[in-house]
Amino acid sequence: MKLSEQPKLKLVLVSWNDANTDSEPVTLATVTSVHKPYLVHTLGWLLFEDAAGLTLVTEYYEDAFRGRTYIPRAMVESIVQYSLTKKRQKRLTQIQKNVELVVESA
């Protein structure tokens, strides 16, 4: 896939509550410390979104996608969209331009 042919996907950071499990023993006294979801932050390309949830991918090539994560909508805390742009040249302030003109004319 050529750079100009890349799909127009949004790059997003999704913070969401994930269910969890472990094999460590708990007691009635300690269960409250683990009785909660993990807040997970997933960065990826937004492949599909509807009322049910989001599908993110971490890679794409040719006409396929890999590294798929499905997140149910009810578990989403926030979505932040990022835009990838080329690095911009530093702009000179008007004072800096005036100083350069004075230095050049001296």
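Just above, that's the structure.
Please read all numbers here as calculations on a predicted model, not as lab measurements. (Residues numbered from 1 in each chain as written. Predicted model: local features only at pLDDT ≥ 70, side-chain atom pairs only at ≥ 80, totals over all residues. Heavy atoms only, no water.)

This part takes up the side chain of S15. In this fold, S15 is placed in strand 1 (residues 10-18). Within the local environment of S15, its side chain forms a polar contact with the side chain of H41, the two groups lying 2.8 Å apart. Setting aside chain neighbours within four positions, we find S15 in contact with L39, V40, H41, M75, V76, E77 and S78. (Helix = DSSP H or I, 4+ residues; strand = E, 2+ residues; numbered from the N terminus. Polar contact = N/O pair within 3.5 Å; in protein donor to acceptor, adjacent residues only side chain to side chain. Contact = heavy atoms within 4.5 Å.)

The next point concerns the sheet that holds strand 7 (residues 76-82). With respect to topology, five strands assemble into an open sheet ordered 6-3-2-1-7, the strand pairing being antiparallel. Every other strand in the sheet has two partners, leaving strand 6 (69-72) and strand 7 as the edge strands with one partner each. Between one strand axis and the next, the sheet turns by 40° as a mean value, whatever way the strands run. Two strands pair when backbone bridges link them, and strand 1 and strand 7 are joined in this way by six bridges, in the antiparallel orientation. Of the residues in strand 7, the one forming a bridge with S15 is S78. (Pairing = 2+ DSSP bridges. Axes fitted to C-alpha atoms, helices over the stretch in contact; angles between N-to-C directions.)

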